[in-house]
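# Results of the structural survey
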Amino acid sequence: MVKKVLIVEDNDLNLRLFNDLLASEGYDTVTSTGEGDVAGLARSILPDLILMDIRLKSADGLETTRRIKSDVATRSIPVIAITGCAMAGDEERIRATGFADYLTKPVSLAGFLSSVRRHLH
C-alpha cells in the first residue's frame, strides 16, 4: 500500500523539492502552504506522515502540531519538523511539542529521505 505524506511548507521551492523527492520514491503526497486549517486537513486525509515547517507565514507549525497531537484521530501520526531554527535549545523545545524528528534547513537530501523512510517503515 502506498504511504501518504502531508507536506506543510510555505516556501514554494522547498515544497516542490520535498514533493518531487517523495513522489520519486513512490509516496503519495498532499501539500499545504499552511494556510487554512492544517490540523483539519490532517484529520480528513489521515496521512501516514506529516512534514511540518515550523515558521509558516500564516500559521505556527508548533501550534498546528499541538492541535494534531491533541486530536485522537491524528495523534499517532508522526510529524517531522523541518526548520531553520537551529539555535541551542531549539531541537529540545521543538521535540517537546510532539515531533517525531527534527531536520534543519538547508535539508540534507539523504538525511531527509532517511528520516522519512524510518518513520514510514
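In this text the structure is predicted, and so the values were computed from the model without any measurement.

### Concerning helix α1 (residues 12-24)
- Look at α1: 18 Å from first C-alpha to last across 13 residues, which is about the 18 Å you get at 1.5 Å a residue.
- Residues of α1 that are buried make contact with β1 (4-8), β2 (28-32), β3 (49-53), β4 (79-83) and α5 (109-120).
- Of the residues that open α1, the one with a side-chain oxygen 3.0 Å from the backbone nitrogen of Leu 13 is Asn 11.
- Positive backbone phi, at 90°, marks Gly 26, one or two positions downstream of α1.

### A short note on the sheet that holds β3
- Pairing is parallel in the open sheet, where five strands are placed in the order β2-β1-β3-β4-β5. The open sheet is flanked by β2 and β5 (101-104), the only strands paired with a single partner. In this sheet, neighbouring strand axes are inclined to one another by 20° on average, regardless of whether the strands run parallel or antiparallel.
- Across four bridges, β3 lies against β4 in parallel orientation. Pairing of Leu 51 across the sheet is with Ile 80, part of β4.
- Here helix α3 (residues 61-70) sits on the sheet in contact with β3 and β4, set at roughly 155° to β3.

### Examining the packing of aromatic side chains
- A complete count under the given rule lists one aromatic pair for this structure.
- On the basis of an interplanar angle of 15° and a centroid distance of 4.9 Å, the ring pair of Phe 18 and Phe 112 is categorised as stacked. Taken as a pair, Phe 18 in helix α1 and Phe 112 in helix α5 lie far apart in primary sequence, 94 residues in all.

### Let's talk about the side chain of Asp 101
- Note on placement: Asp 101 falls in strand β5.
- Side chain to side chain, Asp 101 and Arg 95 meet in a polar contact 3.2 Å long.
- Those residues in contact with Asp 101 that sit more than four places away from it in its chain are Val 79, Ile 80, Ala 81, Arg 95, Ser 115, Arg 118 and His 119.

### Quick look at unusual backbone geometry
- A cis amide bond, omega -5°, links Lys 105 with the succeeding residue Pro 106.
- One can find Pro 106 in the loop between β5 and α5.
- Positive phi, close to 45°, is recorded for Leu 46, a residue that is not glycine.
- In this fold, Leu 46 is placed in the loop between α2 (38-45) and β3.

Calculation criteria
Residues numbered from 1 in each chain as written. Predicted model: local features only at pLDDT ≥ 70, side-chain atom pairs only at ≥ 80, totals over all residues. Heavy atoms only, no water. Helix = DSSP H or I, 4+ residues; strand = E, 2+ residues; numbered from the N terminus. Expected span 1.5 Å × (residues − 1). Contact = heavy atoms within 4.5 Å. Polar contact = N/O pair within 3.5 Å; in protein donor to acceptor, adjacent residues only side chain to side chain. Pairing = 2+ DSSP bridges. Axes fitted to C-alpha atoms, helices over the stretch in contact; angles between N-to-C directions. Phe/Tyr/Trp six-rings, centres within 6.5 Å; stacked < 30°, edge-to-face > 60°.

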